[in-house]
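Observations on chain architecture
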Amino acid sequence: MAAIPVFFGLNLGHFSIKLVEIERANNKAKLQSIGSTPTSVGLLNNDSPTGIQTLAGEVTKAMKNSNIKSKNCVMSVPESAVFSRLITLPKVSDKEVGEAIQWALKPLVPMALEDVNISFLEIDQKTVDGNTFSNWYVVAAPKELIGRYQQVMETAGVELLAVETESLAITRMIVYNYPQVADKDIMIVDMGAESTNVILSRNGIVMFSQTIGTGSNAITKVISSDLGVDMVQAEKYKITYGADPAQAEGRIAKSIEPILQIVTAEIQRTMAYYKEKIGGTGVAQVFITGGGSDLLKYNEYLQSKLGVAVVNANLMANFVQDPTLAQKIQNIHLSSFNVAVGLSLKGLL
Ligand SMILES: Nc1ncnc2c1ncn2[C@@H]1O[C@H](COP(=O)(O)OP(=O)(O)OP(=O)(O)O)[C@@H](O)[C@H]1O
Ligand SMILES: [Mg+2]
């Protein structure tokens with residue numbers, strides 16, 4: 001395989017735009033540059049020429065601020081923008097796979113197949129009554145969205161090397177940092193600002209991913225309305241008291257419980273689906289990540305609901321430590337960089 005040129009990972013989040021570049025030495029990652037810039041409201045969905053120009057300007061600004069060295073990038077597409085599903089098909093020859101998947105996808109995807117890029121990966125095979133079936137993980141991404149990303153990057157003077165889903169990038173980040181779970185079934189919960197991604201991975205491969213339209217901003221909103229405070233104050237309460245029932249007489253924990261419950265219910269549904277559809281020994285561990293996952297006592301809350309160990313993912317657990325960047329990492333909110341770190345690791349795993 002040709003060596004991938006040096007590149008940075010770029011994640012356009014609703015809360016912020018994040019960039020990460022690593023150095024590679026002996027199959028180990030060392031942080032080179034990291035930085036972000038806040039995302040202004042509506043910026044990500046504005047596909048007018050001005051919108052594209054503005055977004056390109058923000059990317060350029062963030063590159064300068066983060067001291068990014070390279071002019072190549074790998075970007076993520078939000079999980080909510082793509083269609084992904086595990087599809088079971090009777091075993092066919094390699095030549096026929098593409099067409100068989102197209103047929104299976106047609107009734108499932110809410111847009112014309114010529115408007116999407118389709119990629120698929122075989123997960124496993126099973127034999128039932130002498131007939132062999134394959135499970136395929138299929139992703140369909142709208143061409144229009146990829147086209148817009150290409151325009152943005154061209155305007156920013158950056159070469160777009162590859163685009164992949166957030167779930168793929170996050171899973172790579174976890175497997176790189178926690179090689180001990182690489183051969184297990186794990187669940188990853190990425191709580192962002194506007195949405196939460198729930199991912200199931202087996203042997204380091206994404207088996208299932210889905211997005212819930214409830215993220216950490218919904219927690220801020222409920223605090224604001226329940227306590228009659230503005231969003232800035234509500235954000236402070238969220239960060240200071242979180243889901244800890246021992247803080248502020250448990251008022252914040254109680255107020256945010258219905259929101260946490262929405263996310264918990266979806267995780268439980270996914271776990272049940274997993275048992276039914278793909279079997280196996282069960283989820284060994286749950287990793288929580290994303291800016292919203294640092295909610296005080298959230299790990300304990302989730303663990304008590306699920307009965308499975310819940311761990312806050314350390315994005316750089318397996319990185320070569322660089323003392324000169326320690327201060328910088330202290331000053332940023334590292335959990336927010338989960339997707340960007342995963343993208344930057346592409347090619348290492
Ligand atoms: N200490 C904290 N405790 C709880 N929530 C926090 C904390 N710090 C930041 N957040 C929240 O994390 C969210 C931002 O997370 P993140 O950067 O992962 O989002 P994003 O990727 O930009 O958004 P999205 O994934 O929805 O596009 C915001 O809602 C913010 O309020
Ligand atoms: Mg995100």
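That block above? That's the structure.
Computed from a prediction, not measured in an experiment: that's the story for all the values here. (Residues numbered from 1 in each chain as written. Chains lettered and ligands numbered in written order. Predicted model: local features only at pLDDT ≥ 70, side-chain atom pairs only at ≥ 80, totals over all residues. Heavy atoms only, no water.)

Here we look at the sheet that holds strand β5 (residues 83-90)
Ordered in space as β5-β7-β6, the 3 strands form an open sheet in which the pairing is antiparallel. The outermost strands of the open sheet, each flanked by one partner alone, are β5 and β6 (116-128). Within this sheet the neighbouring strands show an average axis-to-axis angle of 20°, counted without direction. Pairing analysis gives 12 bridges linking β6 to strand β7 (residues 131-142), with the strands arranged antiparallel. Each residue of the ladder has a partner; that of Val 128, found in β7, is Asn 131. Packing against the sheet, helix α3 (residues 143-155) makes contact with β6 and β7, and its axis sits at approximately 50° to β7. (Pairing = 2+ DSSP bridges. Helix = DSSP H or I, 4+ residues; strand = E, 2+ residues; numbered from the N terminus. Axes fitted to C-alpha atoms, helices over the stretch in contact; angles between N-to-C directions. Contact = heavy atoms within 4.5 Å.)

Examining the sheet that holds strand β9 (residues 185-191)
Pairing is mixed in the open sheet, where 5 strands are placed in the order β11-β10-β9-β12-β13. Edge positions in the sheet fall to β11 (205-212) and β13 (310-312), since each has one partner strand and no second. Looking at each pair of strands side by side, their axes are set apart by 20° on average, direction ignored. Contacts from helix α8 (residues 298-306) reach β9, β12 (285-289) and β13 within the one sheet, and its direction differs from that of β12 by about 150°.

Comments concerning the site of ligand 1
What surrounds ligand 1 is a group of 22 residues, the closest being His 14, Lys 18, Glu 194, Asn 217 and Glu 235. Backbone polar atom of Phe 15 to an oxygen atom of ligand 1: 2.8 Å apart, as the coordinates give it. One nitrogen or oxygen atom from the side chain of Ser 336 is found 2.8 Å from an oxygen atom belonging to ligand 1. Computed on the free molecule, ligand 1 has an accessible area of 660 Å², of which 93% lies beneath the protein chains in the complex. Because more than half of its atoms lie within 2 Å of the grid, ligand 1 is assigned to the largest pocket. Secondary-structure elements contributing two or more residues to the shell around ligand 1 are β2 (16-25), α5 (216-227) and α6 (231-241). By residue number, the principal contributor to the shell around ligand 1 is α6, which donates 3 residues. When grouped by side-chain class, the residues that make up the shell around ligand 1 number 5 nonpolar, 12 polar and 5 charged. Both domain 1 (8-79 + 144-178 + 315-344) and domain 3 (212-310) contribute no fewer than three residues apiece to the shell around ligand 1. (Near = heavy atom within 4 Å. Polar contact = N/O pair within 3.5 Å; in protein donor to acceptor, adjacent residues only side chain to side chain. Areas by Shrake-Rupley, 256 points an atom, 1.4 Å probe, with all protein chains shown as cover. 1 Å grid on protein atoms, 1.4 Å probe; cavity = no way out; pocket = protein on both sides within 12 Å on 5 of 7 lines; lining within 4 Å. Sits in = over half its atoms within 2 Å of the grid points. Nonpolar A, V, L, I, M, F, W, Y, C, P; charged D, E, K, R; others polar. Domains from an automatic or database assignment.)

A look at the packing of aromatic side chains
The final tally for this structure, using the stated rule, is 6 aromatic pairs. With a centroid separation of 5.7 Å and 85° between ring planes, the pair formed by Phe 120 and Trp 136 is classed as edge-to-face. Here the residue Phe 120 occupies a position in strand β6, and Trp 136 occupies one in strand β7, the gap between them amounting to 16 residues. With a relative accessible area of 11%, Trp 136 lands in the buried category. Note on Tyr 298 and Tyr 301: the rings are 6.2 Å apart at their centroids and 20° apart in plane angle, and the pair reads as stacked. With Tyr 298 and Tyr 301 both in helix α8 and 3 residues apart, this pair spans about one turn of that helix. By relative accessible area, which is 11% here, Tyr 301 ends up buried. (Phe/Tyr/Trp six-rings, centres within 6.5 Å; stacked < 30°, edge-to-face > 60°. Buried < 20%, exposed > 50% of the residue type's maximum accessible area, 1.4 Å probe, protein only.)

Thoughts on the pattern of salt bridges
Across all of its chains, the model carries 11 salt bridges by this definition. Among the salt bridges present, the one from Arg 172 reaches Glu 164, with a minimum N-O distance of 2.7 Å. Grouping residues by exposure puts Arg 172 and Glu 164 together as buried. For Glu 235, the salt bridge identified is with Lys 238, shortest N-O distance 3.5 Å. (Salt bridge = Lys/Arg side-chain N within 4 Å of Asp/Glu carboxyl O.)

Describing unusual backbone geometry
Of note, Asn 27 is a non-glycine position whose phi angle comes to about 60°, a positive value. Mapped onto the secondary structure, Asn 27 falls in the loop between β2 and β3 (28-38). Residue classification places Asn 27 among the exposed positions, given a relative accessible area of 61%. We note that Asn 67 has phi near 65°; this positive angle belongs to a residue other than glycine. With respect to the helices and strands, the residue Asn 67 is situated in the loop between α1 (49-66) and β4 (72-77). Relative accessible area serves as the criterion here: at 48%, Asn 67 is assigned to the partly exposed category.

A look at α6
Its side-chain oxygen placed 3.2 Å from the backbone nitrogen of Val 232, Asp 230 serves as the N-cap of α6. Backbone geometry just after α6 places Gly 242 at a positive phi near 50°.

Digging into the layout of surface pockets
Reported here for the largest pocket is a volume of approximately 910 Å³. Taken together, 45 residues form the lining of the largest pocket, with His 14, Phe 15, Lys 18, Gly 192 and Ala 193 sitting closest to its centre. Ranked by residues supplied to the lining of the largest pocket, first place goes to α3 with 4 residues. Of the residues in the lining of the largest pocket, the class split is 16 nonpolar, 19 polar and 10 charged. Both of domain 1 (8-79 + 144-178 + 315-344) and domain 3 (212-310) provide at least three residues apiece to the lining of the largest pocket. Of the volumes computed, that of the second largest pocket is approximately 380 Å³. Contributions of two or more residues to the lining of the second largest pocket are made by β6, β7 and β8 (159-165). Split by residue class, the lining of the second largest pocket holds 11 nonpolar, 3 polar and 2 charged. Looking at which domains feed residues into the lining of the second largest pocket, each of domain 1 (8-79 + 144-178 + 315-344) and domain 2 (81-142) gives three or more. (Points joined across faces, edges and corners; volume = space filled by probe spheres on them.)

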